[in-house]
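Spelled out from the first residue to the last, the chains are:
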Amino acid sequence: MPRLTSDRRHRVAFKLNGRPAEGLAEPRMLLTDFLRHVLGATGTHVGCEHGVCGACTIQIDGLPARACLTLAVQADGAEIRTVEGLAPAPGRLSILQESFRTHHGLQCGFCTAGILMSLDELLTRRPDASEEDIRHQLSGHLCRCTGYGPIMKAALEAARRLRGPAGEGAPHA
Amino acid sequence: MKPAPFDYVRAETLDEALDVLAREGGDARILAGGQSLLPMLNMRLARPATLVDVMRITALRRLDARDGMLVAGAAIRQVEAERQVDPRTQPLLAAALAAVGHAQTRNRGTLCGSVAHADPSAELPLTLVALGGEIRLRSKRASRSVPAERFFSGMMVTERRDDEMIEAVAFPAARPGTGYAFREIGRRHGDFAIVACAAVVDRTAARLAIGGVADRPTARDLPLPDSSALDDALDSFAWSLDARDDLHASARYRRELVRRLGRSTIEEAARCRV
């Protein structure tokens with residue numbers, strides 16, 4: 001039974017956006033800080049650090065979750081996906097990201113990374129998600145400048161395109 | 001907003017986890033989904049010397065219906081219950097689960113973890129108290145089962161001893177001829193409830209459990225909704241809960257919610273009797 005002592009840093013390894021990533025962390029290090037300060041993946045933002053604001057939302061083993069309510073050592077062996085993993089190629093945006101751009105779904109952008117990770121999972125799992133489903137998913141996020149109207153418009157437009165007759169594919173396609 | 005230092009133990013078997021609790025007692029805390037414990041650690045309201053992660057213990061990853069109960073092991077996440085629970089056999093649990101935190105926290109949080117945390121406004125402790133469920137505790141020396149109504153003994157305080165962990169929680173299945181309803185009022189969907197109500201109503205009696213008012217979820221047997229005695233009984237229940245003023249709501253508003261939301265929840269449960 002591994003015991004990781006408080007006074008040392010320990011190896012943590014997981015898959016980050018499909019590629020192996022590893023670094024050293026004290027047991028008390030939050031996954032937010034591990035991503036940003038150890039791995040240099042600063043797309044994930046840090047807001048309230050007690051799970052309320054949603055800015056740090058990432059996908060852990062395919063499900064949206066708060067990186068600030070997860071220890072780096074808990075993520076050992078997991079599949080982690082962050083906002084850096086959404087774009088299909090450099091210089092190209094995912095359908096969801098494009099919709100946010102078209103509909104002005106962001107202003108300062110602080111909350112955006114978390115919101116994208118939540119909506120990406122919902123719309124991948126259920127491209128037929130209703131407006132109410134999207135509102136429920138968004139209830140786990142705070143935005144303090146754009147307002148939720150343009151965010152809803154962007155999400156609905158992305159859902160429509162993902163369902164579309166041509167089937168443009170997954171939100172990250 | 002960073003946790004104080006602690007050792008982290010990744011237990012692979014239940015015995016390993018119980019050994020740590022037997023040796024270190026109250027200095028050790030069980031870590032499951034972490035959705036209640038991590039905020040406490042981040043704000044340094046909890047400073048355990050050791051965390052014991054139980055999520056890789058396969059024996060705790062069980063969600064079974066047996067002997068008229070749905071039994072959720074300590075490693076069952078709320079999202080798993082949400083997707084697997086049959087609303088026909090667990091109508092109250094199915095309704096309450098949708099109101100626990102947000103989808104993003106239910107994806108990590110466990111049922112047993114919410115029960116261990118014992119927040120007075122939490123939905124799952126309330127559901128257990130309303131249904132007469134039980135909490136199954138395990139230590140290195142012994143196992144025991146505690147009825148939910150006795151388990152919650154105060155604000156975030158339970159009957160669990162320092163060397164014990166919650167191995168599972170058990171929710172009684174729906175009984176024929178009985179209706180169930182859950183309602184809560186919060187500032188926004190997913191916020192902590194200002195008042196949460198769970199009602200169980202059959203042909204002869206109504207039982208109402210209230211969260212968010214007293215220091216623990218509290219249940220009382222009340223008259224049926226067609227009885228003229230219900231309003232007085234709800235009023236007396238509301239006053240008995242020792243409501244307090246806080247930033248979110250006044251004591252008076254909470255008592256009014258117990259009277260009104262309590263009645264509408266009982267009425268809804270009565271309509272759902274099948």
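Only a predicted model underlies this, so the values are computations on that prediction, with no experimental measurement involved.

## Concerning the overall build of chain B
- Check the secondary structure of chain B and you find ten helices and 14 strands.
- Computed over the C-alpha atoms, the radius of gyration of chain B is 19 Å, within 12% of the 19 Å expected from 2.2 N^0.38 for a compact globule of 274 residues.
- Referenced to the eigenvectors of the C-alpha coordinate spread, the extents of chain B come out at roughly 60 × 40 × 30 Å.
- The burial tally for chain B puts 58% of its 274 residues in the buried class.
- For chain B, the proportion of contacts with a sequence separation of at least 24, taken over those separated by at least 6, is 60%.

## Details of helix α3 (residues 112-125) of chain A
- With 14 residues, α3(A) should reach 20 Å at 1.5 Å per residue; the first-to-last C-alpha distance of 20 Å fits that figure.
- Among the 14 residues that make up α3(A), twelve are buried, leaving the element largely enclosed by the rest of the structure.

## With respect to the packing of aromatic side chains
- As enumerated under the stated definition, the model contains two aromatic pairs over all chains in all.
- A ring pair is formed by A:Phe14 and A:Phe34, whose centres lie 5.7 Å apart and whose planes are at 70°; its orientation type is edge-to-face. Taken as a pair, A:Phe14 in strand β2 (residues 10-16) and A:Phe34 in helix α1 (residues 31-38) lie far apart in primary sequence, 20 residues in all.
- We classify A:Phe14 as buried; its relative accessible area is 5%.
- A relative accessible area of 0% means that A:Phe34 is categorised as buried.
- Ring centres of B:Phe151 and B:Phe152 lie 5.2 Å apart, and the angle between their planes is 85°; this geometry places the pair in the edge-to-face category. Pair check on accessibility: B:Phe151 and B:Phe152 agree, each one buried.
- The ring of B:Trp239 has B:Arg255 lying over it, and the distance from NZ or CZ to the ring centre is 3.9 Å.

## Regarding a nonpolar patch on the surface
All names here are of chain B.
- Together, Met1, Met43 and Leu45 make up a nonpolar patch on the protein surface, roughly 300 Å² of accessible area in all.
- One can find methionine 1 in the segment before β1 (7-10).
- Methionine 1 gets classed as partly exposed once you look at its relative accessible area, which sits at 42%.

## Some words on the interface of chain B and chain A
- Chain B puts 40 residues into the contact, and the matching count from chain A is 36 residues.
- Summing the contributions of chain B and of chain A, the shared interface buries around 3,200 Å²; its carbon and sulfur component is 51%.
- By the criterion of area lost to chain A, the three top residues of chain B are B:Tyr8, B:Gln104 and B:Arg108, representing 20% of everything that side buries.
- Linking chain B to chain A there are four salt bridges.

## Points about the domain arrangement of chain B
Residue and element names in this part refer to chain B.
- When its domains are assigned, chain B resolves into domain 1 (7-53), domain 2 (58-172) and domain 3 (179-271).
- For domain 2 versus domain 3, the distance between C-alpha centres works out to 21 Å.
- Contact with domain 2, which involves 22 residues of that partner, is made by 23 residues of domain 3.
- Broken down residue by residue, the surface that domain 2 buries against domain 3 is led by Pro120, Ser121 and Leu126, which jointly contribute 29%.
- Counting every contact that joins domain 2 to domain 3 gives one salt bridge.
- With a shortest N-O distance of 3.0 Å, glutamate 149 and arginine 207 are connected by a salt bridge.
- Broken down by secondary-structure element, the contributors of at least two residues to the side of domain 2 that touches domain 3 are α4 (91-97), α7 (123-131) and β8 (152-154).
- It is α7 that provides the largest number of residues to the side of domain 2 that touches domain 3, a total of six residues.

## Here's the deal with the pattern of salt bridges
Residues and elements named next belong to chain A.
- Inspection of the entire model under this criterion finds 35 salt bridges over all chains.
- Measuring nitrogen to oxygen at the nearest pair gives 3.0 Å for the salt bridge that ties glutamate 26 to arginine 28.
- A relative accessible area of 27% places glutamate 26 in the partly exposed class.
- Relative accessible area serves as the criterion here: at 25%, arginine 28 is assigned to the partly exposed category.
- Across the pair arginine 126 and aspartate 133 runs a salt bridge, and its minimum N-O distance is 2.7 Å.
- The partly exposed category is assigned to aspartate 133, whose relative accessible area is 23%.

## With respect to the nonpolar core
- B:Leu111, B:Ile135, B:Met165 and B:Val169 are the most contacted members of the largest nonpolar core, which has 56 residues in total.
- Per-element accounting of this core gives the leading share, six residues, to α7(B).
- Dropping the residues within four chain positions of it, B:Met165 is found in contact with B:Leu14, B:Ala17, B:Leu18, B:Leu21, B:Ile30, B:Val54, B:Leu60, B:Ala74, B:Arg136, B:Leu137, B:Arg138 and B:Arg160.
- Core analysis: the second largest hydrophobic core is formed by 33 residues, A:Phe14, A:Leu35, A:Ala72 and B:Met40 among them.

Thresholds applied
- Residues numbered from 1 in each chain as written.
- Chains lettered and ligands numbered in written order.
- Predicted model: local features only at pLDDT ≥ 70, side-chain atom pairs only at ≥ 80, totals over all residues.
- Heavy atoms only, no water.
- Helix = DSSP H or I, 4+ residues; strand = E, 2+ residues; numbered from the N terminus.
- Rg over C-alpha atoms; globule rule 2.2 N^0.38 Å.
- Buried < 20%, exposed > 50% of the residue type's maximum accessible area, 1.4 Å probe, protein only.
- Contact = heavy atoms within 4.5 Å.
- Expected span 1.5 Å × (residues − 1).
- Phe/Tyr/Trp six-rings, centres within 6.5 Å; stacked < 30°, edge-to-face > 60°.
- Lys NZ or Arg CZ within 6 Å of the ring centre and 35° of its normal.
- Patch = residues over 30% accessible without salt bridge, like charges linked within 9 Å, V, L, I, M, F, W, Y side chains within 5 Å.
- Areas by Shrake-Rupley, 256 points an atom, 1.4 Å probe, with all protein chains shown as cover.
- Salt bridge = Lys/Arg side-chain N within 4 Å of Asp/Glu carboxyl O.
- Buried area = accessible area lost by both parts, 1.4 Å probe.
- Domains from an automatic or database assignment.
- Core = buried A, V, L, I, M, F, W, Y, C linked by side-chain atoms within 4.5 Å.

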